[in-house]
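If you want the building blocks of each chain, they are given just below.
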Amino acid sequence: MAELPSLSGVKIDIPSGVTLEEIWSCRPFKEWVNKLQSSLELQAQPSQPFQSDPYTLRSITVQSVDRWGGKLGFLKVMASVTNSAGESLSGSALLRGPSVAMLVMLIPDDVELPSDERYVVLTVQPRTPAGSLGFVELPAGMVDDDGSFKSAAAREIDEELGLVIKEDELTNLSELAQAAAGEDAEQGEKLPPAMYPSAGGCDEYITIYSYEKRIPRSQLDEWNGKLTGLRSEGEKITLKLVPMKDLWKHGARDAKCLGALALWENLRREGKI
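What you see is a predicted model; the values in this text were computed from it and never measured.

Participant: What's the story with the overall build of the chain in this structure? I'm lost.
Facilitator: Each helix and strand in the chain was counted, giving seven helices and 13 strands. Referenced to the eigenvectors of the C-alpha coordinate spread, the extents of the chain come out at roughly 65 × 45 × 30 Å. Across the 273 residues in the chain, those meeting the buried criterion constitute 42%. Of the contacts made within the chain by residues no fewer than 6 positions apart, 60% connect residues no fewer than 24 positions apart. Split by element, the accessible area of the chain, about 14400 Å² in all, is 50% carbon and sulfur.

Printed below as a string of structure tokens:
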């Protein structure tokens, strides 16, 4: 085992063919460690439930890594987090980093505003982890190491929907919801304003954006069933347009979809959007 200077006292075991420098330069690993360490430090506060016998990060075993074009992608890790009594926290995690999801709403230009007639763009594509060749979900994508969340969202809308938009036309629903929660949501932890779809085993957090556009009614039929996606990257995407009122049914398997719908409807009800 070895140590990183920024993780004094924490032993790190890595697989062959990978260096400590690569591990630490991997955005998902660095963000995960920093957030975990920051949260563990909060145990010193009297209000923390573990204050009398705090947990400590003892070691990290990087069990496997996936490379994308030579760069580290997904990491499977096991962390040893224990207290003085020998009690441990579950430490198995898949590290893949942040993502974005987009609630894209299309409003026919022949209806008067405000109007509840709007259509949401979903994607249908193979998702091997789900064992599906036609998984229905909101458009989504990962955030590059050197990219912003808004630029990632705008890029995915362009790549998956063929719709070019400006970043400032996007509404960050996740941030608005966090702001609406105010102090009630503050625990001192450095978690981003985003949705964690599987916090029991994965570090991924998804920032949810919304965007709406008025289009000719005839264009709705043109978009429904349209083939899109980057074929060079193995994307085979079919667009599916559904009425907003039916979104909860069509997107019931997709956590991003249900999360986006809940945020949008409640922010709208409270006059935040």
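Structure's up, so let's keep going.
Participant: I tried to follow the domain arrangement of the chain on my own but got confused; where do I start?
Facilitator: Accessible area lost on assembly of the parts is the figure often given for the size of an interface. In terms of domain boundaries, the chain breaks down into domain 1 (11–95) and domain 2 (99–270). Between domain 1 and domain 2, the contact holds 15 residues from the first and 18 residues from the second. Buried area between domain 1 and domain 2, both sides added, is near 1200 Å², and the carbon and sulfur share of it is 47%. Three residues stand out in domain 1 for area buried against domain 2, namely Arg 27, Lys 35 and Leu 94, and they jointly supply 44% of the buried area on that side. For the interface between domain 1 and domain 2, the tally reads zero salt bridges. Counting across the interface, domain 1 meets domain 2 through six residue pairs in polar contact (both at pLDDT 80 or more). Counting residues per element, the ones that place at least two in the side of domain 1 that touches domain 2 are helix H2 (27–41), strand S3 (71–82) and strand S5 (92–95). Taken together, the residues that form the side of domain 1 that touches domain 2 break down as seven nonpolar, four polar and four charged.

Participant: Looking at this model, I keep getting lost on the pattern of salt bridges. Mind explaining?
Facilitator: Close approach of charged atoms allows side chains with opposite charge to pair. Evaluation of the coordinates by the stated rule reveals 16 salt bridges. Residue Glu 204 pairs with Arg 96 through a salt bridge whose shortest N-O separation is 3.6 Å. In this pair, Glu 204 sits in the loop between helix H4 (173–181) and strand S11 (206–215) while Arg 96 sits in the loop between S5 and strand S6 (99–108), placing the two residues 108 residues apart along the sequence. Across the salt bridge formed by Asp 110 and Arg 217, the nearest N and O atoms sit 2.9 Å from each other. Here Asp 110 is found in the loop between S6 and strand S7 (119–127), whereas its partner Arg 217 is found in helix H5 (residues 217–223), with 107 residues between them in sequence. Residue classification places Asp 110 among the partly exposed positions, given a relative accessible area of 49%. Look at Arg 217 and you get partly exposed, because its relative accessible area is 33%. Look at the salt bridges and you will find they share partners, linking Arg 127, Glu 137, Asp 254 and Lys 256 into a network.

Participant: So what exactly am I meant to see when it comes to the packing of aromatic side chains here?
Facilitator: Any pair of aromatic rings gets described here by the distance separating the centres and the angle formed by the planes. Here the structure, examined in full by the defined rule, presents six aromatic pairs. With a centroid separation of 6.1 Å and an interplanar angle of 80°, the aromatic rings of Trp 24 and Phe 29 are classed as edge-to-face. Measuring from centroid to centroid gives 6.2 Å for Phe 149 and Tyr 205, while their planes differ by 25°, and the two rings are stacked. Here Phe 149 is found in helix H3 (residues 149–161), whereas its partner Tyr 205 is found in the loop between H4 and S11, with 56 residues between them in sequence.

Rules used throughout
- Residue numbering note: each chain is counted from 1, following its sequence as written.
- Owing to the predicted nature of the model, reporting of local features is limited to residues with pLDDT of at least 70; listing and counting of side-chain atom pairs is limited to 80 or more, with chain, interface and lining totals taken over all residues.
- With hydrogens and water excluded, all non-hydrogen atoms of the structure serve as input to the side-chain values.
- Strands are runs of DSSP state E lasting at least 2 residues, helices are runs of H or I lasting at least 4, and numbering of each runs from the N terminus.
- Relative accessibility decides the category of a residue: with a 1.4 Å probe and only protein chains considered, values under 20% of the type maximum give buried, values over 50% give exposed, and everything between is partly exposed.
- Contact between two residues is taken to exist if any of their heavy atoms lie within 4.5 Å; hydrogens are not considered.
- All accessible-area figures derive from a Shrake-Rupley calculation using a 1.4 Å probe, and residue coverage is judged against the displayed protein chains alone.
- Start and end positions for the domains come from either an automated domain assignment or a database one.
- Reported buried area values correspond to the accessible surface (1.4 Å probe) lost by two parts on association, with both partners' losses combined.
- Salt bridges are counted wherever a side-chain nitrogen of Lys or Arg sits within 4 Å of a carboxyl oxygen of Asp or Glu.
- Under this definition, polar contacts are N or O atom pairs within 3.5 Å; protein pairs additionally need one hydrogen-donor-capable and one acceptor-capable atom, and for neighbouring residues in sequence, both atoms have to be side-chain atoms.
- Each residue gets one label: Ala, Val, Leu, Ile, Met, Phe, Trp, Tyr, Cys and Pro are nonpolar, Asp, Glu, Lys and Arg are charged, and the others, such as Gly, are polar.
- Ring pairs shown here join Phe, Tyr and Trp side chains whose ring centres sit within 6.5 Å, with only the six-membered ring taken for Trp; geometry is labelled stacked below 30 degrees between planes, edge-to-face above 60, and tilted in between.

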